[in-house]
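Descriptive analysis of the structure
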Amino acid sequence: MDNKQLSKERVIYLKKEKRRKRMILIWQVGILVCFIAIWEISALLGLIDSFILSQPSRIWNTCINMAQNDLLVHIGVTVYETLVGFTLGVITGTVLAIILWWSRFISKVSEPYLVVLNSLPKIALGPVIIIIVGAGTEAIIFMALAISLIVTVLEMLNGFQNTDKEYIKMATTFGATKMQIFKKIVFPYNITTLFNSLKINIGLSLVGVIAGEFLVSKAGLGYLIVYGGQVFQLDLVMASVIILAIVAAVMYEAVVLMQRLVMRWYGH
Amino acid sequence: MVVLDVSNIEEKYQAVNGEITALKEISFRVEKGEFVSIVGPSGCGKSTLLSIIAGLMKPTSGEVFVNGEKIKGISNHIGYMLQKDNLLEWRTIYSNVMLGLEIQNNLTPENIERVIQLLKTYELYEFKDKYPSQLSGGMRQRVALIRTLAINPDILLLDEAFSALDYQTRLTVTNDVYKILKQEQVTTIMVTHDIPEGISMADKVIILSQRPAVIKEILTIDFEDENRTPLNCRKNPKFSKYFDYIWKELSSDG
């Protein structure tokens, strides 16, 4: 491509594109700024009760205050529990999906159980989990696992079973064993499926962890939210929710980044 | 020398609402280096026959021998090419053509060298580090052919291998493939529904009837032309005679 000699039309087009992108960004940031400003002003004017709905400046002060104390510990606990639950969910889920892919029989037999377990709100199992594994970090991790596991199994199994049959036939004509078909065709074919399920799972694990922390915990962002609610410190609740949103976004982006690296390595 | 001996093949399908006989009394032989086309009405069981020869399916009765050895399952002696090139998008061209050898645990230095030679001879070596999506349809099909030839098969089976390509690409690719096959002296059996394509490449055309398919005739194709290619033989006056003949044979059973 010759970049030096851009036609007039091209220059106009590029300018337009640039302007369009800038407008989108301006609106995105603008909405947030307006929202915060309106919130702050209405609280100052007494239009809303800042004791119940809090107020941006107070949330900010709470954040600063927390950062000087043990905020990092709470974030660390939540992230740690989420990552452990997530990793366990992904590995166990993928292994189970492989077993179900391998044996049509087992997959048919387990189908109704998977359907029921998938539609059951796993949080309902909370008390059972606490009684079985004890009221501690284990229960929280278990909750994260329970929420993400079945989704992973179903998602991965669906991907495995929908691998292009022609690819499999091609490998079969070379005399490939089932193991080879899995390693050389089915698994690499489903790298995208795997990452889609990772993206869903990181969010689901976080849901499990927060739910678990609501039920049993002495630390973590979920604990802060419940504690703040109980002592009627809405600033603490709001600040924790906002930090949680940031943590969730960062973890999601980490998965996206990982996907990009792996895809490049895999030549997609 | 007879490479392939198909002897009295019969194939019956079992379905819930009855039994279907797909193939009956199919027997023929193929000599080394021959190119045989199989044509027949659609749904007559051409591809089933190919699957049986490949060892992907067991016939209800009858036997297939390759170099005198009975086919009992998928064997390393047979290369099978499907309609789609099925190149794995996440592998480079090089690692795609090595797939067969890799599966058969046969990545010996001699084999690798042979495949590299094939890539070089057929002008694909410079693309070896590219990905399938960066290649044109015709080139992809050639890569698929080299992947199949990499395992050094005694017989090559082409199952409508060119029908996914557009017409123009198809003519060029059949020409290229024909050259490669003749040069490497590969014994080939091609199933096709395209009669001109069948004639243009074949030494013999096997005409199957409607279901239950039997062999109606084995037609020997000879253009009496030393430099025959699939493209130039289409202009040969005998081409349309062969075409009319096969067309009549295929239409005669209604």
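Look up: the structure comes first, before these words.
Quick caveat, the model's predicted, so the values are computed rather than measured.

1. Section: the overall build of chain A
Each helix and strand counted, chain A has 12 helices and zero strands in total. Listing every helix and strand of chain A by position from the N terminus yields α-α-α-α-α-α-α-α-α-α-α-α. Structurally, chain A occupies a C-alpha span of about 75 × 75 × 30 Å along its principal axes. Across the 268 residues in chain A, those meeting the buried criterion constitute 40%. A total accessible area of about 16000 Å² is found for chain A, and carbon and sulfur atoms account for 70% of it. Of the side chains in chain A, 23 bear a positive and 15 a negative charge, and the two mean positions are spaced by 13 Å.

2. What to know about the interface of chain A and chain B
Listed per partner, the contact involves 19 residues of chain A and 23 residues of chain B. Taken together, the two surfaces of chain A and chain B that pack against each other cover about 1900 Å², and 65% of this comes from carbon and sulfur. Three residues stand out in chain A for area buried against chain B, namely A:Thr173, A:Phe174 and A:Lys184, and they jointly supply 36% of the buried area on that side. For the interface between chain A and chain B, the tally reads two salt bridges. The partner of B:Lys84 in a salt bridge is A:Asp164, with the nearest N and O atoms 2.6 Å apart. The interface formed by chain A and chain B holds five residue pairs in polar contact (both at pLDDT 80 or more) in total. Put simply, the parts of the chain that give the side of chain A that touches chain B at least two residues each are α8 (165-173) and α9 (178-189) of chain A. Of all the elements, α8(A) adds the most residues to the side of chain A that touches chain B, at seven residues. Taken together, the residues of the side of chain A that touches chain B sort by class into nine nonpolar, six polar and four charged.

3. A short note on α8(A)
Along α8(A), the positions that sit buried rather than exposed are A:Tyr167, A:Met170, A:Ala171 and A:Thr173. Here the buried residues of α8(A) occupy an arc of 160° about the axis, which is enough to place them on one side. Summarising the contacts, the buried residues of α8(A) are in contact with α9 of chain A together with β6 (78-81), α3 (99-103) and α5 (137-149) of chain B. Two to three positions downstream of the cap, the backbone nitrogen of A:Glu166 sits 3.0 Å from a side-chain oxygen, assigning the N-cap of α8(A) to A:Asp164. Looking one or two residues beyond α8(A), the residue adopting positive phi is A:Gly175, at roughly 85°.

4. Details of the environment of A:Trp60
Relative to the elements of secondary structure, A:Trp60 occurs in helix α3 (residues 56-68). Along the sequence, A:Trp60 and A:Val84 sit 24 residues apart, while their C-alpha atoms lie 30 Å from each other.

5. With respect to the packing of aromatic side chains
Scanning the entire structure with this criterion turns up 13 aromatic pairs over all chains. Ring geometry for A:Trp101 and A:Trp102: centres 5.9 Å apart, planes at 80°, overall edge-to-face. Each ring, one from B:Phe223 and one from B:Phe239, has its centre 6.2 Å from the other, and the planes form 15°; the classification is stacked. Of this pair, B:Phe223 sits in the loop between β10 (215-220) and α8 (237-251) while B:Phe239 sits in helix α8; the two residues are 16 residues apart in sequence, bridging distant segments of the chain.

About the criteria used
Residues numbered from 1 in each chain as written. Chains lettered and ligands numbered in written order. Predicted model: local features only at pLDDT ≥ 70, side-chain atom pairs only at ≥ 80, totals over all residues. Heavy atoms only, no water. Helix = DSSP H or I, 4+ residues; strand = E, 2+ residues; numbered from the N terminus. Buried < 20%, exposed > 50% of the residue type's maximum accessible area, 1.4 Å probe, protein only. Areas by Shrake-Rupley, 256 points an atom, 1.4 Å probe, with all protein chains shown as cover. Lys, Arg positive; Asp, Glu negative; His and termini not counted. Charge placed at Lys NZ, Arg CZ, Asp CG, Glu CD. Contact = heavy atoms within 4.5 Å. Buried area = accessible area lost by both parts, 1.4 Å probe. Salt bridge = Lys/Arg side-chain N within 4 Å of Asp/Glu carboxyl O. Polar contact = N/O pair within 3.5 Å; in protein donor to acceptor, adjacent residues only side chain to side chain. Nonpolar A, V, L, I, M, F, W, Y, C, P; charged D, E, K, R; others polar. Arc of directions from axis to C-beta. Phe/Tyr/Trp six-rings, centres within 6.5 Å; stacked < 30°, edge-to-face > 60°.

The values are spatial; any link to function lies outside them.
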